[in-house]
Amino acid sequence: MTLNINLPRILRVGGGARRELPQVLQSLGVCRPLLVADEFMVAQGQVAVLEEALAGQGMSLRIFSGVVPDPTTESVAAGLQALAGGEHDAIVAFGGGSAMDTAKLMAVMATREGALRDYKVPSTLDDGLPVIAIPTTAGTGSEVTRVAVVTDSQTQEKMLCMGLGLMPVAALVDYELTLSMPYRLTADTGIDSLCHAMEAYVSRKANTFTDAIALTAMATIAGTLRTACSEPDNLAAREAMMLAATQGGIAFSNASVTLIHGMSRPIGAHFHVPHGLSNAMLLPEVTAWSVGAAPARYADCARAMAMASVEDSDAVACENLVAGLRALCRDLAVPGPEAFGIKRSDWQAVLPLMAEQALVSGSPANNPRVPVAEEIIVLYEKVWAA
Ligand code: NAD
């Protein structure tokens, strides 16, 4: 069977890559970009750096700064209004996953009628305006994925959208932009990357191309994330985490995520838990529930992350994996749902709905052990009690 791998046309990785934006726009033959970011990132001053670089090449940059954390159909609609006013031929996405997903959804909806909910999976969105992604977290990997996530403002469902139109044509992956990330954001987005790599590796859609990238990303993240959190100015740790985040994105976009992400999106939608953090809450329990269905694959993950050795049996490696993931979450002070501030009664009230929404996304079907709704509810309860 042939592998179907999708990647951006241009990928520039390294310190200072963001400064290559004018040259990349020129090579793509576009000259009227709209930059999509949030107010905070614009205020930080990095957008002005890009504006100056473009002005030097005779290009001007219009800015839409209405990105909200975890984009909604309403915030994407506001972006589309800004886009309509400017005869733009490209979109520059600048920020974390929220800015990149907003930009990607604007790019595909610019040429379509109807509402975003009409295009969630299993529909596909295969064309749109070109997007040049510049990530500032490490990270969602959205700069290299044909995926975007958006919450329906009417139903609060966190919808998954997929298709080649959502794949950026270019990504400028510059770790220098992540130096300003505070502790919690570094930890949560780093665990998001780890979930991408692990889920891609154990996914039923895993393949030889994604396996190697996923194992490399896992090894880097397990060896570096604690340092990136405790030493925010450590350039080597920031650089390694940024590359691993992009690798995690490449892996999952071409192999899919599984049960952790399937269960994570509803938590984010109902309780406004940041995406990486809801993954982190789920990571140890969902892994413990799943290892028995693919012990050799999970054992590979443990060995890649130096949580087990080649001499350890797969069973021992799987035990060590679960223990190692618990230790990582403990060291990075990952709160449970209660410590995050969610009320038990609110959590209980939406469990059946969250289980249904997890299943509808399709991600749980890629898990080595495929759950039914009741089992997902039990897992959510375990996560509460953990
Ligand atoms: P985010 O984009 O929501 O940003 C969180 C906060 O961090 C924002 O307030 C932002 O201003 C701030 N921030 C961003 N970069 C910063 C920096 N360098 N320094 C200081 N502050 C910074 O966070 P995220 O975790 O990157 O993205 C989460 C979103 O991405 C979710 O909506 C999730 O569903 C989505 N996602 C998408 C994909 C994909 O492939 N499309 C994959 C995973 C997650």
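Residue positions are given per chain, counted from 1 along the sequence in the order it is written. Whole-chain, interface and lining totals are the exception, using all residues; otherwise, since this is a predicted model, local features are given only for residues with pLDDT of at least 70 and side-chain atom pairs are given and counted only at 80 or more. Side-chain measures were taken over the full set of non-hydrogen atoms in the model, leaving aside hydrogen atoms and water.

A.B. asks: How should I be thinking about the overall build of the protein chain in this particular structure?
C.D. replies: Helix numbers and strand numbers start at the N terminus; a helix is a DSSP run of H or I with at least 4 residues, a strand a run of E with at least 2. Counting its regular elements, the protein chain contains 15 helices and eight strands. For 386 residues, the compact-globule estimate of 2.2 N^0.38 gives 21 Å, and the protein chain sits close to it at 20 Å. For the protein chain, the C-alpha atoms occupy an extent of roughly 60 × 45 × 45 Å along the three principal directions. We call two residues contacting when some pair of their heavy atoms lies within 4.5 Å. Long-range contacts, defined here as pairs at least 24 residues apart, represent 77% of the contacts in the protein chain between residues at least 6 apart. Each accessible area is a Shrake-Rupley estimate made with a 1.4 Å probe; only the visible protein chains count as cover when residues are assessed. Surface accessibility of the protein chain: about 14,700 Å² in total, with carbon and sulfur atoms responsible for 54%. One finds the centroid of the 26 positive side-chain charges in the protein chain at a distance of 2 Å from the centroid of its 39 negative side-chain charges. As a reference, a globule follows 2.2 Å times the number of residues to the power 0.38, and the radius of gyration itself is taken over C-alpha atoms. His residues and chain termini do not enter the charge count, which takes Lys and Arg as positive and Asp and Glu as negative. In plain terms, the charge of a residue is placed at NZ if it is Lys, CZ if Arg, CG if Asp and CD if Glu.

A.B. asks: Looking at this model, I keep getting lost on the side chain of serine 256. Mind explaining?
C.D. replies: For serine 256, the position within the fold is in the loop between helix 8 (235-253) and helix 9 (259-271). Look at serine 256 and you get buried, because its relative accessible area is 14%. One polar contact links serine 256 to serine 203, side chain to side chain, over a distance of 3.3 Å. Any pair of nitrogen or oxygen atoms within 3.5 Å is treated as a polar contact; in protein, a donor-acceptor pairing is required on top of that, and neighbouring residues in sequence qualify only through side-chain atoms on both sides. At a separation of 2.9 Å, a polar atom in the side chain of serine 256 contacts the side chain of asparagine 366. Once residues within four sequence positions are removed from consideration, serine 256 is found in contact with Glu199, Ala200, Ser203, Lys205, Ala251 and Asn366. Only protein chains enter the accessibility calculation, which uses a 1.4 Å probe; a residue is then buried when its area is under 20% of its type maximum, exposed when over 50%, and partly exposed in between.

A.B. asks: Can you help me understand the site of the ligand in this one?
C.D. replies: We call a residue near a given molecule or strand whenever any one of its heavy atoms falls within 4 Å of it. As a matter of local geometry, the ligand sits amid 28 residues, with Asp38, Asp70, Ser98, Thr137 and Thr145 nearest to it. Contacts to the ligand include serine 98, whose side-chain N or O atom sits 2.5 Å from an oxygen atom. Contact distances for the ligand include 2.8 Å between a nitrogen atom and a side-chain N or O atom of threonine 136. Protein contact buries 90% of the 860 Å² of open area that the ligand shows by itself. Mapped onto the shell around the ligand, the elements with two or more residues apiece are helix 2 (39-43), helix 5 (97-109), strand 6 (147-151) and helix 6 (183-202). The element best represented in the shell around the ligand is helix 6, accounting for four residues. Each residue gets one label: Ala, Val, Leu, Ile, Met, Phe, Trp, Tyr, Cys and Pro are nonpolar, Asp, Glu, Lys and Arg are charged, and the others, such as Gly, are polar. In terms of residue class, the shell around the ligand is made up of 11 nonpolar, 12 polar and five charged.

A.B. asks: Looking at this structure, how should I read the domain arrangement of the protein chain?
C.D. replies: Where interface size is given, it is often the accessible area lost as the parts come together that is meant. Once the domains are mapped, the protein chain shows domain 1 (10-178) and domain 2 (183-385). Segment limits for the domains were obtained from an automatic or database-derived domain assignment. Relative to domain 2, the C-alpha centre of domain 1 lies at a distance of 25 Å. If you look at the interface, domain 1 gives 25 residues, while domain 2 gives 26 residues. Each of two parts loses accessible area, computed with a 1.4 Å probe, when they are put together; buried area is these two losses added. Interface area, domain 1 with domain 2, both sides summed: about 2,200 Å², of which 62% is carbon and sulfur. Taken as a group, Ala138, Lys158 and Tyr175 account for 27% of the area that domain 1 buries against domain 2, more than any other trio of residues on that side. Salt bridges are identified by distance alone: a Lys or Arg side-chain nitrogen within 4 Å of an Asp or Glu carboxyl oxygen. At the boundary of domain 1 with domain 2, the tally comes to zero salt bridges. Between domain 1 and domain 2 we count eight residue pairs in polar contact (both at pLDDT 80 or more) in total.

A.B. asks: Sorry, what's going on with the nonpolar core here?
C.D. replies: The tendency in soluble globular proteins is for nonpolar side chains to be buried side by side. By nonpolar core is meant a set of buried Ala, Val, Leu, Ile, Met, Phe, Trp, Tyr and Cys residues that side-chain atoms within 4.5 Å join together. Ranked by size, the top nonpolar core spans 80 residues in total, and within it Leu321 and Tyr380 carry the most contacts. In terms of residues, this core owes the most to one element, helix 6, which gives nine residues. Looking at which domains feed residues into this core, each of domain 1 (10-178) and domain 2 (183-385) gives three or more. Other than its neighbours up to four places away in sequence, leucine 321 contacts Met198, Thr287, Val291, Tyr298, Cys301, Ala302, Met305 and Met307. Met100, Ala103, Leu125 and Cys161 belong to the second largest nonpolar core, which has 28 residues in total.

A.B. asks: Got a minute to help me understand the packing of aromatic side chains in this structure?
C.D. replies: Both the distance between ring centres and the angle between the ring planes are used here to describe each pair of aromatic rings. Whether two aromatic rings pair depends on their centres lying within 6.5 Å, for rings of Phe, Tyr and Trp, where Trp uses its six-membered ring; planes under 30 degrees apart make the pair stacked, over 60 edge-to-face, and the rest tilted. For the structure shown, the criterion picks out three aromatic pairs. Between the aromatic rings of tryptophan 347 and tryptophan 384, the centroid separation amounts to 5.7 Å while the plane-to-plane angle is 45°, which identifies the pairing as tilted. In this pair, tryptophan 347 sits in helix 14 (residues 344-360) while tryptophan 384 sits in helix 15 (residues 373-385), placing the two residues 37 residues apart along the sequence. Comparing tryptophan 347 with tryptophan 384 shows no difference in burial state: the two are buried.

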